[in-house]
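Descriptive structure summary
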Amino acid sequence: MSAVVTRFAPSPTGFLHIGGARTALFNWLLAKRLGGKMLLRIEDTDRARSTPEAIEAILDGLKWLELGWDGDVVYQYGRADRHRAVACEMLAKGAAYRCYATPEELEAMREKAKAEGKPMRYDGRWRDRSEADCAAAEAKGLKPVIRLKAPQEGETSVDDLVQGRVTWSNDNLDDLVLLRSDGNPTYMLAVVVDDHDMGVTHVIRGDDHLTNAARQTQIYQAMGWDVPAMAHIPLIHGPDGAKLSKRHGALGVEAYRAMGYLPVALRNYLVRLGWSFGDQEIFSTEEMIAAFDLKNVGRSPARFDFAKLENLNGHYMRQASDADLMAGIETVLPHIEGGAEIAAKLDSGLRTKWLQAMPGLKERAKTLVELIDGARFLFAVRPLALDEKGADILAKGGRDVLRGLLPRLEALPDWDAATLETAVRAEAEATGLKLGAVAQPLRAALTGRSTSPGIFDVFVVLGREESLGRIRDQI
RNA sequence: GCUCCCAUCGUCUAGAGGCCUAGGACACCCGCCUCUCACGUGGGUAACAGGGGUUCGAAUCCCCUUGGGAGCGCCA
């Protein structure tokens, strides 16, 4: 029984988008589940569009998502010699042929087919030419491409683990180009050769590759190689149902990092997009691995829903340890707006206060960005700038409440939550106010806002001097 | 145009002929808890695209229609 080998094979023409991330996740999960390996291959045969920045972004994205790959990264372009060798082998065995049709000629052919309402396929005009024809073309200085001599009768089927058996009539599949006229392999050839050479047993990718699967199957067959198991998963759509384009939120995973999402939450969200396991919604990484199965991957496309991602993220934030959250904050700070200033203030004193406030803070935040925002009162400098609601509370009687309360607080022997609460309640009782009517002005003075963690916790984290100072500032 | 894929609440989905008066989750609405906001908790609104079959019985099987999506490159 040979071990399972999956692969994630992005082309480095842009960042790692959300659909790619899910494809990587599924490959990773299947490999983990079956005790196999997930390989990483960068499909950079398109020299003009591949960039080192994109490669970096993809590797960085996978690392952030904690989807590690096995072995070294394979760069497809580095294997061009082998691809060429296979193309020559196919030529030699009659499974491929030289085609001297020019790009202009092919373009005209497509235009004509389109105008006549016929399928836009290569018509095989060089399929059975003589050596003499080829020599004549050569003499004219034409450089040939090498095309697959695909079967013209019968049909080609793909037994897809997600889509089921999908069959094409061979007359709908034309003779694809294996080697370009400049001698470089095409994607179609390179994928097949690489997957074969790398021992890939399961190909999991977006269903935009479904038709390619048929053509690639023909290449496997021409070479007499085993076709790996295939699984074409449906694409992710934008919230409006249209294709997930850049305009819609087909953001790179680094954008999700900058929005303050946790890798564990993003993984959980992504795995439930298209895959299900009964009614279970929350999966730890271990549970995900144990439960994942291609059989439970659906065939219909899913829409991306930020609300659900956010909810999941909130769940994982609440569940996370304060220390992990602190670490998360520090890693995300360089990636968010205004993060640098906060990072500059983040000394051990602030870190201690922040950690102390974390239990109350994390209950109220759905993202790391919100967590940071909710903690602003910790490092705000006196006199505090009030937001609209905070100012409103103080303007409408809040100051009077603070004036009445101040002496009581100043006289406190201890500065712990219980003592403070007793004092504030006593003041409320003495003035006939509800606790909320006293707590809100305090909240406004202490945090500048109308919402915050429990007010007595805020008192304690801020400390006696800072708390009293902030109250006096507002009187 | 041609080929292929898809179709259950607003969204993600459960459902593999009777267990479905269609379940869960998110979102939304109404309560409870409460110093605010959250969290938590109780409840509610909300879906089998349409039409034909097959069957004693269909969300589940078949066909058609409609609506989405993908592919049809010397891109990947």
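Notes on the structure in this doc start here. (Residues numbered from 1 in each chain as written. Chains lettered and ligands numbered in written order. Predicted model: local features only at pLDDT ≥ 70, side-chain atom pairs only at ≥ 80, totals over all residues. Heavy atoms only, no water.)

Structural notes on helix α4 (residues 103-115)
Look at α4: 18 Å from first C-alpha to last across 13 residues, which is about the 18 Å you get at 1.5 Å a residue. For α4, the elements touching its buried residues are β5 (145-148). At the exit of α4 stands G117, carrying a positive phi of roughly 70°. (Helix = DSSP H or I, 4+ residues; strand = E, 2+ residues; numbered from the N terminus. Expected span 1.5 Å × (residues − 1). Contact = heavy atoms within 4.5 Å.)

Quick notes on the pattern of salt bridges
Applying the stated rule across the entire model yields 36 salt bridges. The salt bridge involving D174 is made with R215; its shortest N-O contact spans 2.2 Å. Separated by 41 residues along the polypeptide, D174 in the loop between β7 (164-169) and β8 (177-179) and R215 in helix α7 (residues 210-223) bring together distant segments of the chain. Each of R7, R41, E43, R79, R82, D194, D195 and D197 takes part in a single network of salt bridges with overlapping partners. (Salt bridge = Lys/Arg side-chain N within 4 Å of Asp/Glu carboxyl O.)

Some remarks on the sheet that holds β5
On the basis of which strands lie adjacent, the open sheet formed by three strands has the order β4-β5-β8 and antiparallel pairing. Strands with a single pairing partner mark the edges of an open sheet, and in this sheet they are β4 (96-99) and β8. Between one strand axis and the next, the sheet turns by 45° as a mean value, whatever way the strands run. As paired strands, β4 and β5 are joined by four bridges and run antiparallel to one another. Note on β5: the bridge partner recorded for C99 is V145. (Pairing = 2+ DSSP bridges. Axes fitted to C-alpha atoms, helices over the stretch in contact; angles between N-to-C directions.)

Structural notes on the protein's contact with RNA strand B
Near RNA strand B you find 68 residues, and of these R180, G274, R299, E363 and R443 are the closest. Restricting attention to atoms of RNA strand B within 4 Å of the protein, one finds that 71% of them are sugar or phosphate atoms. Residue Q440 places a side-chain N or O atom 3.0 Å away from a sugar or linking oxygen belonging to RNA strand B. Within the backbone of I455, one N or O atom sits 3.3 Å away from a base nitrogen of RNA strand B. With five residues, helix α19 (residues 435-447) is the single largest residue contributor to the surface near RNA strand B. Of the residues contributing to the surface near RNA strand B, the split by class is 22 nonpolar, 23 polar and 23 charged. (Near = heavy atom within 4 Å. Polar contact = N/O pair within 3.5 Å; in protein donor to acceptor, adjacent residues only side chain to side chain. Nonpolar A, V, L, I, M, F, W, Y, C, P; charged D, E, K, R; others polar.)

Let's talk about the packing of aromatic side chains
Two descriptors summarise a pair of aromatic rings, namely the distance from one centre to the other and the angle between the planes of the rings. Scanning the entire structure with this criterion turns up 13 aromatic pairs. An angle of 10° between the planes, with centres 6.1 Å apart, marks the rings of W275 and F277 as stacked. Residue W275 is classed as buried on the basis of its relative accessible area, which comes to 1%. Classification of F277 by relative accessible area gives partly exposed; the value is 38%. Consider the rings of W354 and F379, whose centres lie 5.8 Å apart with planes at 40°: the pair is tilted. Within this pair, whereas W354 is found in helix α14 (residues 348-362), its partner F379 is found in helix α16 (residues 376-379), the two being separated by 25 residues in sequence. Residue W354 is classed as buried on the basis of its relative accessible area of 0%. By relative accessible area, which is 11% here, F379 ends up buried. Between R47 and the ring centre of Y77, over which it is positioned, the NZ or CZ distance is 3.9 Å. When the ring centre of Y122 is taken as reference, the NZ or CZ atom of R147 above it lies at 3.5 Å. (Phe/Tyr/Trp six-rings, centres within 6.5 Å; stacked < 30°, edge-to-face > 60°. Buried < 20%, exposed > 50% of the residue type's maximum accessible area, 1.4 Å probe, protein only. Lys NZ or Arg CZ within 6 Å of the ring centre and 35° of its normal.)

As far as function goes, none of this settles anything; it's purely spatial.
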